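Coordinate inspection notes
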Amino acid sequence: MLDFYPATLELPKGHFIDGALKPDPNEPIAVRRPSDGAVYSEVPTADAETVDRAVRNARDAQRSSDWAKQAPRARADILRRWADLIDRQCNELAQLEALGSTRPIAQATGWDVPYLAKTIRFFAELADKHGGDVAPTAEGQFGFTVTEPYSVVAAIAPWNFPLVMAGWKLAPALAAGNAVVLKPSELTPLSALHLAKLAIEAGMPAGLFNVVQGDGPTTGDALCRHPDVAKITFTGSTATGAAIMTASAESGIKPVTLELGGKSPQLVFEDADAALAARCVARGILGNAGQVCVSGSRLVVHRRLQDELLERTTALMSQVTPGPTWREATGFSPIISTKQFDRIDSLVKSTVGQGAELLIGGRPLAADDEGAFYAPTILAGVTGEMDAVREEVFGPVLTVQSFEDEEEGLALAEHPVYGLAAGLYTSDLSRALRTIRRLEVGTVWVNRYGRSEDFAIPTGGFKRSGIGKDLGREAFEANLRKKSVLIDIGH
Ligand code: NAD
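Fair warning: this is a prediction, and the values are worked out from it, not measured in the lab. (Residues numbered from 1 in each chain as written. Predicted model: local features only at pLDDT ≥ 70, side-chain atom pairs only at ≥ 80, totals over all residues. Heavy atoms only, no water.)

Moving on, we come to the packing of aromatic side chains. Summed over the entire model, instances satisfying the criterion amount to 11 aromatic pairs. Where Trp 159 meets Phe 394, the ring centres are 5.5 Å apart and the plane angle is 85°; that geometry is what we call edge-to-face. Separated by 235 residues along the polypeptide, Trp 159 in the loop between β7 (152–156) and α5 (162–175) and Phe 394 in the loop between α12 (387–390) and β16 (397–403) bring together distant segments of the chain. Given the relative accessible area of 14%, Trp 159 is considered buried. (Phe/Tyr/Trp six-rings, centres within 6.5 Å; stacked < 30°, edge-to-face > 60°. Helix = DSSP H or I, 4+ residues; strand = E, 2+ residues; numbered from the N terminus. Buried < 20%, exposed > 50% of the residue type's maximum accessible area, 1.4 Å probe, protein only.)

With mixed pairing, the 7 strands of this open sheet are ordered in space as β14-β15-β16-β13-β12-β18-β19. Single-partner strands in this sheet number two, and they are β14 (357–360) and β19 (443–446). Strand-to-strand twist in this sheet, taken as the mean axis angle between neighbours without regard to direction, amounts to 25°. Strands β12 (265–268), β13 (298–302), β16 and β18 (421–425) of the sheet are contacted by helix α9 (residues 274–286), whose axis makes an angle of about 175° with β12. (Pairing = 2+ DSSP bridges. Axes fitted to C-alpha atoms, helices over the stretch in contact; angles between N-to-C directions. Contact = heavy atoms within 4.5 Å.)

Turning our eyes to something else, we now look at α5. A rise of 1.5 Å per residue sets the reference length of α5, with its 14 residues, at 20 Å; its end C-alpha atoms lie 20 Å apart and thus fit the reference within 8%. The largest bend in α5 comes to about 25°, at Trp 168, with the proline Pro 172 one to four residues further on. Within α5, 14 of the 14 residues are buried, which leaves it mostly tucked inside the rest of the structure. Phi for Gly 177, located one or two positions after α5, is positive at around 105°. (Expected span 1.5 Å × (residues − 1). Bend = angle between axes of the 7 residues up to and from the residue.)

Okay, unusual backbone geometry next. Excluding glycine, a negative phi dihedral is what most residues carry, and trans is how most peptide bonds are arranged. Of note in this structure, Ser 151 is not a glycine but carries a positive phi near 120°. For Ser 151, the location among the structural elements is in the loop between β6 (141–149) and β7.

Moving on, we get to the packing of α5 against helix α6 (residues 191–201). Where α5 contacts α6, the two axes come as close as 10 Å, and the packing angle between them is 45°. Judged on the interaxial angle alone, α6 and α5 are oblique. Like other packed secondary-structure pairs, α5 and α6 cross with a definite hand, here right-handed. Residues Pro 162, Leu 163 and Leu 170 of α5 pack against Ser 191, Ala 192 and Leu 195 of α6. Along the lines of polarity and charge, the residues of the contact of α5 with α6 split into 5 nonpolar, 1 polar and no charged. (Parallel < 35°, antiparallel > 145°, perpendicular 65-115°, else oblique. Left-handed = near helix turned anticlockwise from the far one by under 90°. Nonpolar A, V, L, I, M, F, W, Y, C, P; charged D, E, K, R; others polar.)

Let us look at the side chain of Thr 443. When you line up the elements, Thr 443 lands in strand β19. Beyond its immediate stretch of four places on either side in the chain, Thr 443 contacts Leu 420, Ala 421, Ala 422, Thr 459 and Gly 460.

In many reports, interface size means the accessible area that the parts give up when they come together. According to the domain assignment, the protein chain consists of domain 1 (6–260 + 466–484) and domain 2 (265–454). A separation of 31 Å is found between the C-alpha centroids of domain 1 and domain 2. If you look at the interface, domain 1 gives 26 residues, while domain 2 gives 26 residues. Roughly 2200 Å² is buried in total at the junction of domain 1 and domain 2, and carbon and sulfur atoms are behind 60% of that figure. If you sort the residues of domain 1 by the area they bury against domain 2, Ser 35, Thr 102 and Trp 159 come out on top, with a joint share of 24%. In this structure, the connection of domain 1 to domain 2 is made through 1 salt bridge. Our count for the contact surface shared by domain 1 and domain 2 stands at 10 residue pairs in polar contact (both at pLDDT 80 or more). Elements with a minimum of two residues in the side of domain 1 that touches domain 2: α3 (90–100) and α4 (105–126). Counting residues per element, the side of domain 1 that touches domain 2 draws most heavily on α4, which supplies 6 residues. When its residues are assigned to classes, the side of domain 1 that touches domain 2 shows 14 nonpolar, 7 polar and 5 charged. (Domains from an automatic or database assignment. Buried area = accessible area lost by both parts, 1.4 Å probe. Salt bridge = Lys/Arg side-chain N within 4 Å of Asp/Glu carboxyl O. Polar contact = N/O pair within 3.5 Å; in protein donor to acceptor, adjacent residues only side chain to side chain.)

Written out as structure tokens, the structure is:
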């Protein structure tokens, strides 16, 4: 039985610096549970002084500990022990995650926490499988490259999958020998503190992984601009990604990895398996109630298949099980905040005002619910200029457009701004291979939608959906810099 009582949980508080929780004297901000809007804890806002303490502590720990100097296998051993502890404390972590975020306990226990442990193991395995190259120089010279960690990496995470997103950042940076200062979202601050405690229990030197709490403009900005931060890795909205690039440019031209917003199409051709496509489309928009960067929010379907697909998808989208995130039976997530709920509702209403046809949803899920649950919504008859088609809604809202031929389908699938992911459904291999090349997106899923546990496949966006990759060898290598060496050996 995974149900738990929120009031009985022991909640960590403060920042995590130098291996321990640290209180903050400044006025905290209240944090609310998305499931019912109740205040359950508070989060401090690290000012520039606290951020400085965390970053300098991380820098000193990275320099003085064995983390980067020891045989990389020893670092991998600690990371694996950390992953084992995460698995062993799955319930504790999952409860903290479910309490404060939109992740239902069954999903946090069955997927988020085990996935985090597997992410750490994947990058631990890469720790001793990289190095430089010997360059083909003239005989009197010896040239080679060596890879080295940056030192301190700033990681800034969003609220939608707090532990999973933090893991994408932490695991490659730490495996490469860096120290990390993580700022979780101020809306979902607590699970990262428990994660940091487990790192110490696993044997990670104090200071290698620090957590500072706070909002974006105060804490996040101070972290990005700190002179001892050598690299920034961020997941969140495109607007914040742009602010972070500016901060990087103004404070030292630090390399940035940015995983940003999306508006991903589900392109269904007339020869697709309609039942399979409907399952993928429904899952792709209902997961975390659409609060997923790769949410498949734009259905672009061949006119011949449209009626059947909509009938199947509507039926699937009408079968959700909302509820508090601390009940095992809950399958459908609340919206993170009333502000986000109002934004979703206003985008739906304005799109209807622009001429869209509301097929289902467009309203709160249950009038007597205190939490912000939004009904799965389908908007048909839309055009590319309408609000819910242009904007990342970040809610369970699917728009529907139809096409006659491949060219038209591809044109509708393209988004002017975002290029994160796309799903395409066809039984024609040639068509799949042809259309994959034409889609300007970072990830294409064919006859499936969503990530697997193939951590070797990198993920990242084109256009304004991001720069660089999370996961894969690419994410690991992005946390290392290459030094070139040339030695005269002729004399
Ligand atoms: P957000 O941009 O509002 O916040 C993300 C993080 O940035 C938070 O920790 C926030 O405090 C911090 N932040 C805000 N302003 C900052 C600043 N000026 N300097 C430094 N840090 C700052 O995003 P969100 O609402 O938390 O998350 C939702 C967004 O994240 C969506 O757009 C979604 O598509 C995107 N996302 C992308 C991916 C991906 O892999 N591409 C994955 C998950 C979420």
